[in-house]
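Structural characterization, general
The chain contents come next:
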Amino acid sequence: MRGGALRYGDRTVWSGLDLDVAAGEFVAVLGSNGSGKTSLLKVLLGLRRLSAGTVTVGGRPPRRGGPLIGYVPQHRGVPPYTPLRARDLVRLGVDGHRWGPRPPGPDARRRVREALRDVGAEAFADVPIELLSGGELQRVRVAQALASGPRLLLCDEPLASLDAAHQRIVSELVGRRCREHGTAVVFVTHEVEPVLPFADRVLRMPGGPEARDVA
Ligand SMILES: Nc1ncnc2c1ncn2[C@@H]1O[C@H](COP(=O)(O)OP(=O)(O)OP(=O)(O)O)[C@@H](O)[C@H]1O
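Conventions used here
- Residues numbered from 1 in each chain as written.
- Predicted model: local features only at pLDDT ≥ 70, side-chain atom pairs only at ≥ 80, totals over all residues.
- Pairing = 2+ DSSP bridges.
- Helix = DSSP H or I, 4+ residues; strand = E, 2+ residues; numbered from the N terminus.
- Axes fitted to C-alpha atoms, helices over the stretch in contact; angles between N-to-C directions.
- pLDDT = per-residue confidence, 0-100.
- Contact = placed C-beta atoms within 7 Å.
- Core = buried A, V, L, I, M, F, W, Y, C linked by C-beta atoms within 7 Å.
- Buried ≥ 20, exposed ≤ 12 C-beta atoms within 10 Å, placed from the backbone.
- Near = placed C-beta within 6 Å.
- Nonpolar A, V, L, I, M, F, W, Y, C, P; charged D, E, K, R; others polar.

In the annotation of an unreviewed UniProt entry, the entry for the protein chain reads ATP-binding cassette domain-containing protein, and the organism field reads Actinomadura nitritigenes.

Comments concerning the sheet that holds strand S6 (residues 152-156)
One open sheet holds the 5 strands; their spatial order is S5-S6-S7-S3-S8, and the pairing between them is parallel. Unpaired on one side and paired on the other, strand S5 (69-72) and strand S8 (201-205) mark the two borders of the sheet. Recorded for the sheet is a direction-independent mean angle of 15 degrees between the axes of neighbouring strands. With 4 bridges joining them, S5 and S6 adopt parallel strand pairing. Each bridged residue has a counterpart across the sheet, and for Gly-70 the counterpart in S6 is Leu-153.

Focus on the confidence of the model for the protein chain
When the pLDDT values of the protein chain are averaged, the result is 87; 91% of them are 70 or greater. In this model, residues 210-215 is a region of pLDDT below 50 whose contacts with residues beyond four sequence positions or in other chains number 5 contacts. For this predicted complex, the interface confidence score (ipTM) comes to 0.96, while the overall pTM stands at 0.87.

Describing the sheet that holds strand S2 (residues 11-17)
One open sheet holds the 3 strands; their spatial order is S2-S1-S4, and the pairing between them is antiparallel. In the strand order of this sheet, the two ends are held by S2 and strand S4 (52-54), each with one partner. When the angles between neighbouring strand axes are averaged without regard to direction, this sheet yields 25 degrees. Pairing geometry for strand S1 (residues 2-8) and S2, over 4 bridges, is antiparallel. Across the sheet, Leu-6 pairs through a bridge with Trp-14, a residue of S2.

What about the nonpolar core?
If you look at the biggest cluster of nonpolar residues, it comprises 48 residues, and the most contacted ones within it are Val-90, Val-142, Ala-143, Val-174 and Phe-187. Considering each element in turn, this core owes the most residues, 6 residues, to helix H4 (residues 134-146). Aside from chain neighbours lying at most four places away, what touches Phe-187 is Phe-26, Val-27, Ala-28, Val-29, Cys-155, Val-174 and Val-195.

A short note on the site of the ligand
In the region of the ligand, 11 residues are neighbours, and Tyr-8, Asn-33, Gly-34, Thr-38 and Ser-39 sit closest. Looking at which element gives the most residues to the shell around the ligand, the answer is helix H1 (residues 37-45), with 3 residues. Its residues assigned to classes, the shell around the ligand comprises 3 nonpolar, 7 polar and 1 charged.

Set out below in structure tokens:
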């Protein structure tokens, strides 16, 4: 990103943002509520356009969908009666960006199996996701994001609502993928300690409504 700025109406959330994230690099993004961390990820996902400046992901303008980017969204509960098992959620990471239902081929099944194994989620692979604990569900979401073998992994507060042990487990999972597969990682978090062993750099987003209030 070069000279990136994001405005909602008259309000500038951030501006003058230059950011390079190399393959195999882990960038932790910190900042107060409302400082624009999720908005940054949305720009990288191609869900929102910059108000000024330029951005490329893998050499191209960001675009929605596709296997290049893995995304772990902010933790939300699962609506009751969601008819998905952990295994199904991970499968969406393999081919969910394509249109239409399709039966899983052997390749998709293998990738789902491997992704579940990598996060230690085999034991609850067939449990409906609404019954999973917060930590289990978060590991499954990481598996979903990693299942397509993305070159860039975007994580939006994946440690929120996890206990200290699971914060460590999820941070390690992402850190290991980054090191071993050369995946670039942008990891938004309010919990600094668990990611410090893995982060190469910290991007601190200035501002946010609180900062303005304090000022
Ligand atoms: N579509 C939108 N229209 C107008 N304002 C928006 C929109 N999306 C986000 N905002 C505002 O932009 C600011 C940045 O939001 P964003 O969700 O990116 O912050 P954040 O740093 O991720 O916050 P948090 O730590 O609370 O998740 C917030 O003040 C939010 O209210």
